[in-house]
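Inside the fold
Listed below are the residues making up each chain.
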Amino acid sequence: MIYKQFGKSGFDVSLLGLGTMRLPLENPDSHFFMGEGAGKINEKKAINLIRHAIDCGINYIDTAAPYHHGNSEIVLGKALQNGYRQKVKIATKLPIWEVEKEEDVEILLDKQLDKLQTDCIDYYLLHALGESLWEATKKFNMIEILEKARKKGKIKYLGFSFHDQIGLFKEIIDSYDWDFCQIQLNYMDIDFQAGLLGLEYAAVRNIPVIVMEPLRGGQIIGEIPDEVTKIWNQSEVKRTPVEWAFKWLLNRPEVNLILSGMGNIEEVNENIKIFS
């Protein structure tokens with residue numbers, strides 16, 4: 001596994017992180033968000049997957065309050081028992097849309113600590129910032145409240161995940177001394193949302209960047225257009241679509257961590273080989 005220092009924390013993070021939005025389900029044909037049976041995790045398989053990933057060198061695991069209808073945090077908390085919590089850093093996100101008054105911020109954080117069965121969240125994010133959620137963040141003084149939570153030892157590092165345009169991204173980056181940020185990026189989305197400009201903007205300000213959706217939810221590893229395949233075939237090194245997608249990001253020195261939502265142990269093994 002390749003490791004890289006993660007910003008001011010001094011932590012050597014595995015370049016591949018485990019996202020828990022697509023954990024194995026009881027009904028494999030259901031969707032992790034929508035429809036009957038959505039979000040019902042196969043706990044035995046999920047715990048085995050998480051622990052296998054950690055045993056193979058992954059030391060950063062990302063979750064969020066709404067994943068699997070709130071069950072992702074619970075299952076992760078179970079998986080990190082028996083000594084596994086000490087081997088990893090965990091990240092989860094504040095569901096800003098549930099905040100109706102300032103007191104809700106710490107109430108929600110405390111619920112997440114309970115679900116994760118931990119007394120401190122290593123990396124805490126304001127979730128899915130866009131214009132309206134950024135306005136809510138300011139309205140309810142969320143950063144100030146989370147700074148107080150940090151002093152209490154409930155979180156260690158504060159960041160945000162982002163889903164909006166580059167102008168707003170720059171505004172948010174410049175508004176606070178962030179410990180890290182998280183953006184969507186892959187070779188199809190270089191001008192989408194924060195994009196490459198956002199990656200570079202954060203890096204110049206020494207803010208570590210976590211990349212989500214490196215495979216665009218699987219869209220760029222399915223049917224590959226013939227014109228793309230012809231270009232790949234010109235390379236002396238032959239790679240799978242997954243390898244091309246990850247290698248493109250690995251070639252960007254500004255990227256500190258790449259999150260992948262892996263649904264089975266085979267995917268974990270395949271991805272780890274690319275990062276080794």
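In what follows, the structure referred to is the one given above.
Anyway, here's the lowdown on the structure attached to this text. (Residues numbered from 1 in each chain as written. Predicted model: local features only at pLDDT ≥ 70, side-chain atom pairs only at ≥ 80, totals over all residues. Heavy atoms only, no water.)

So, about the overall build of the chain. The helix and strand inventory of the chain stands at 10 helices and 10 strands. Taken over the C-alpha trace, the chain has a radius of gyration of 18 Å; the compact-globule value for 276 residues is 19 Å, and the two agree within 12%. If one aligns the C-alpha atoms of the chain with their principal axes, the spans along those axes are about 55 × 45 × 40 Å. Among the 276 residues that make up the chain, the fraction classed as buried is 53%. Contacts in the chain between residues far apart in sequence, at least 24 positions, make up 73% of those at least 6 positions apart. (Helix = DSSP H or I, 4+ residues; strand = E, 2+ residues; numbered from the N terminus. Rg over C-alpha atoms; globule rule 2.2 N^0.38 Å. Buried < 20%, exposed > 50% of the residue type's maximum accessible area, 1.4 Å probe, protein only. Contact = heavy atoms within 4.5 Å.)

Bringing the packing of aromatic side chains into the picture now. Two aromatic rings, taken as a pair, are described by how far apart their centres are and by the angle between their planes. Here the structure, examined in full by the defined rule, presents 12 aromatic pairs. Taking the centre distance of 6.1 Å and the plane angle of 55° together, the rings of Phe6 and Phe180 count as tilted. Of this pair, Phe6 sits in strand β1 (residues 3-6) while Phe180 sits in strand β8 (residues 180-184), placing them 174 residues apart in sequence. A relative accessible area of 2% places Phe6 in the buried class. Ring geometry for Phe162 versus Phe169: centroids 5.1 Å apart, planes at 70°, classification edge-to-face. Taking the relative accessible area as the measure of exposure, Phe169 reaches 0% and is therefore buried. Geometry around Tyr84 places Lys87 over its ring, the cationic atom sitting 4.5 Å from the centre. The residue whose ring lies beneath Lys89 is Phe11, and the NZ or CZ to ring-centre distance is 5.1 Å. (Phe/Tyr/Trp six-rings, centres within 6.5 Å; stacked < 30°, edge-to-face > 60°. Lys NZ or Arg CZ within 6 Å of the ring centre and 35° of its normal.)

As a further point, take unusual backbone geometry. With a phi close to 55°, His68 is a non-glycine residue in the positive phi region. Mapped onto the elements of the fold, His68 is located in the loop between β4 (60-62) and α2 (71-79). In the Ramachandran plot, Asn141 falls in the positive-phi region, its phi being about 50° despite a non-glycine side chain. Summarising the element assignment, Asn141 is placed in the loop between α4 (131-139) and α5 (142-151).

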